[in-house]
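Working through the structure, step by step
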Amino acid sequence: MIVLAFLSGDRNLREDILSGIDLHCRNAAELFGRARTEFLASYHADDKVTIKQRKIAKGLSFQLQYGAGAKSMAKKLLIEEEVAKKFITNYYLRYKGVKQYQEDVANEVQRSRTPSSRRTVSGYPAGKGTYKSVTGRRYVFFEYDAPDWSKKKVSFSPTQMKNYPTQGFATGDIVPLVLGHVFEALAASPLKDDALLINTVHDSIVLDVQGNVVRETAEIVTNVMQSAPKLIKDTWG
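This write-up is about the structure you can find in this document. Here the structure is a predicted model, which is why all the values come from computation and not from measurement.

Basis of the calculations
- Counting of residues starts from 1 at the beginning of each chain's written sequence and follows it residue by residue.
- Since the coordinates come from a predicted model, pLDDT governs what is reported: local features require at least 70, and pairs of side-chain atoms require 80 or more to be given and counted, while whole-chain, interface and lining totals use all residues.
- Derived side-chain values reflect all non-hydrogen atoms in the structure, with water molecules and hydrogen atoms excluded from consideration.
- Only DSSP runs of H or I reaching four residues or more are called helices, and only runs of E reaching two or more are called strands; each is numbered from the N terminus.
- Burial status follows relative accessibility: with a 1.4 Å probe on protein chains alone, a residue under 20% of its type maximum counts as buried, one over 50% as exposed, and anything between as partly exposed.
- Should any heavy atoms of two residues lie within 4.5 Å, those residues are counted as being in contact.
- With residues, only the protein chains shown are counted as cover, and all accessible areas are computed by Shrake-Rupley using a 1.4 Å probe.
- Following DSSP output, two strands are said to pair if at least two bridges run between them.
- Here, nonpolar core means buried Ala, Val, Leu, Ile, Met, Phe, Trp, Tyr and Cys residues that are tied together by side-chain atoms lying within 4.5 Å of each other.
- The axes used here are C-alpha line fits, helices contributing only the stretch in contact, and every angle between their N-to-C directions lies in the interval 0 to 180 degrees.
- Multiplying 1.5 Å by the helix residue count minus one yields the expected span of that helix.
- The patches described consist of residues with a relative accessible area above 30% and no salt bridge, like charges being joined within 9 Å and nonpolar side chains (Val, Leu, Ile, Met, Phe, Trp, Tyr) within 5 Å.
- Salt bridge, as used here, is a side-chain nitrogen of Lys or Arg placed within 4 Å of a carboxyl oxygen of Asp or Glu.

1. Considering the overall build of the protein
- On a plain count of helices and strands, the protein comes out with eleven helices and seven strands.
- With respect to the three principal axes, the spread of C-alpha positions in the protein is 65 × 50 × 30 Å.
- The buried share among the 237 residues of the protein stands at 39%.
- Residue pairs at least 24 apart in sequence account for 47% of intrachain contacts in the protein once pairs closer than 6 positions are excluded.
- Accessible surface, the protein: about 14,500 Å² in total, of which carbon and sulfur atoms supply 54%.

In structure tokens:
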């Protein structure tokens with residue numbers, strides 16, 4: 001969500017994140033018609049219904065960012081499609097800049113469309129479109145068979161166009177950048193044999209650390225993580 005706030009420039013989303021409020025509780029309260037203060041108090045009291053409602057709102061939020069539609073969201077989260085539609089409406093009403101950003105990406109891909117050698121499953125010629133990210137990464141999109149409700153025979157995937165630039169910036173650009181600096185910091189420390197980088201999971205970095213050096217390792221990793229804004233700015237401006 002932080003990456004989406006940065007890329008879209010949406011003022012409300014930025015302010016909501018910086019304020020530190022629980023966005024999922026706020027969204028859930030709005031979605032299910034409950035007072036925010038009551039919902040938050042109920043959530044902190046471990047009320048099962050409230051916890052479930054927050055989980056639904058959280059899932060809807062991320063599914064929307066990943067490019068899913070109401071029908072897909074409802075199926076994955078086991079909820080009524082109307083609930084998903086209501087969430088999408090509320091979300092874009094509050095974060096109009098996010099919707100505009102996603103439309104700008106789609107328009108750029110469409111404007112850059114050129115023929116390609118590919119064909120869709122149904123055999124139609126598939127066009128190719130591109131989008132250049134803020135870090136200079138060039139995303140290539142190919143057309144697919146258009147959905148049944150569309151008047152077109154082929155179209156670009158809305159899911160891919162919403163998802164790839166945002167996920168790509170977070171996990172394709174920022175995570176590897178920070179990962180390299182974590183590796184260098186550990187390699188230059190006395191802990192290099194006791195704190196090993198193991199894996200990455202989406203935007204998380206996994207380490208295997210000897211129990212007696214956990215605190216020291218955490219300090220090194222924290223220092224690198226907190227320098228991420230400077231590293232990003234120095235690398236991509």
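2. Section: the pairing of strand S6 (residues 195-201)
- By the bridge criterion, six bridges tie S6 to strand S7 (residues 204-209) in an arrangement that is antiparallel. Considered in S7, the bridge of alanine 195 is made with valine 209.
- Hairpin connection, S6 to S7: the antiparallel pair is bridged by two residues, and histidine 202 has positive phi, about 55°.

3. What about the environment of glutamate 216?
- The residue glutamate 216 is located in helix H10 (residues 214-226) in this model.
- The class of glutamate 216 is partly exposed, set by a relative accessible area of 36%.
- Through-space distance from the C-alpha of glutamate 216 to that of serine 116 is 53 Å; in sequence the pair is 100 residues apart.

4. Here's the deal with the nonpolar core
- Counting 43 residues, the largest nonpolar core has Leu60 and Tyr91 as its most contacted members.
- With seven residues, the top contributor of residues to this core is helix H9 (residues 158-187).
- If we ignore the near neighbours within four places in the chain, the residues touching tyrosine 91 are Met1, Leu4, Ser61, Leu64, Gln65 and Val98.
- In this structure, Cys25, Ala28, Phe39 and Ala57 belong to the second largest nonpolar core, which totals five residues.

5. Some words on the sheet that holds strand S3 (residues 138-142)
- The strand order across the open sheet built from three strands is S1-S2-S3, with neighbouring strands paired in antiparallel fashion. Where the open sheet ends on each side, the last strands, each with one partner, are strand S1 (114-119) and S3. Pairs of neighbouring strands in the sheet enclose a mean axial angle of 40°, with direction left out of account.
- Both strand S2 (residues 125-132) and S3 contribute to a ladder of five bridges, which runs antiparallel. Bridge pairing links threonine 130 to valine 140 in S3.
- Here helix H8 (residues 96-111) sits on the sheet and contacts S2 and S3; the angle it forms with S2, its principal contact strand, is near 125°.

6. A look at helix H5 (residues 48-65)
- Between the first and last C-alpha of H5 there are 26 Å, a value that for 18 residues agrees with the 26 Å anticipated at 1.5 Å per step.
- Residues of H5 that are buried: Thr50, Gln53, Arg54, Ile56, Ala57, Gly59, Leu60, Ser61, Gln63, Leu64 and Gln65.
- Downstream of H5 by one or two residues, glycine 67 has phi in the positive range, about 100°.

7. Some thoughts on unusual backbone geometry
- Not every positive phi belongs to a glycine, and aspartate 46 is a case in point at roughly 60°.
- Relative to the assigned elements, aspartate 46 resides in the loop between helix H4 (36-44) and H5.
- In this structure, histidine 202 is a non-glycine residue whose phi angle is positive, near 55°.
- With respect to the helices and strands, histidine 202 occurs in the loop between S6 and S7.
- In this structure histidine 202 comes out as exposed when scored by relative accessible area, which is 63%.

8. Some points on a nonpolar patch on the surface
- A cluster of nonpolar side chains, namely Leu196, Ile198, Val201 and Val206, defines an oily patch on the protein surface of about 320 Å² accessible area.
- Residue contributions to the nonpolar patch peak at three residues, all from S6.
- Secondary-structure assignment places isoleucine 198 in strand S6.

9. Describing the pattern of salt bridges
- On inspection of all chains with the given rule, the structure shows twelve salt bridges.
- Here arginine 26 makes a salt bridge to aspartate 16, at a shortest N to O gap of 3.2 Å. Of this pair, arginine 26 sits in helix H3 (residues 23-31) while aspartate 16 sits in helix H2 (residues 11-19); the two residues are ten residues apart in sequence, bridging distant segments of the chain.
- According to the relative accessible area criterion, aspartate 16 is buried, its value standing at 6%.
- Between glutamate 81 and lysine 85 there is a salt bridge; the shortest N-O distance is 3.8 Å. Taken as a pair, glutamate 81 and lysine 85 lie in helix H7 (residues 81-94) at a separation of four residues, close to a single helical turn.
- You can call glutamate 81 partly exposed: its relative accessible area is 32%.
- One continuous salt-bridge network, built from bridges that share partners, spans Asp16, Arg26 and Arg94.

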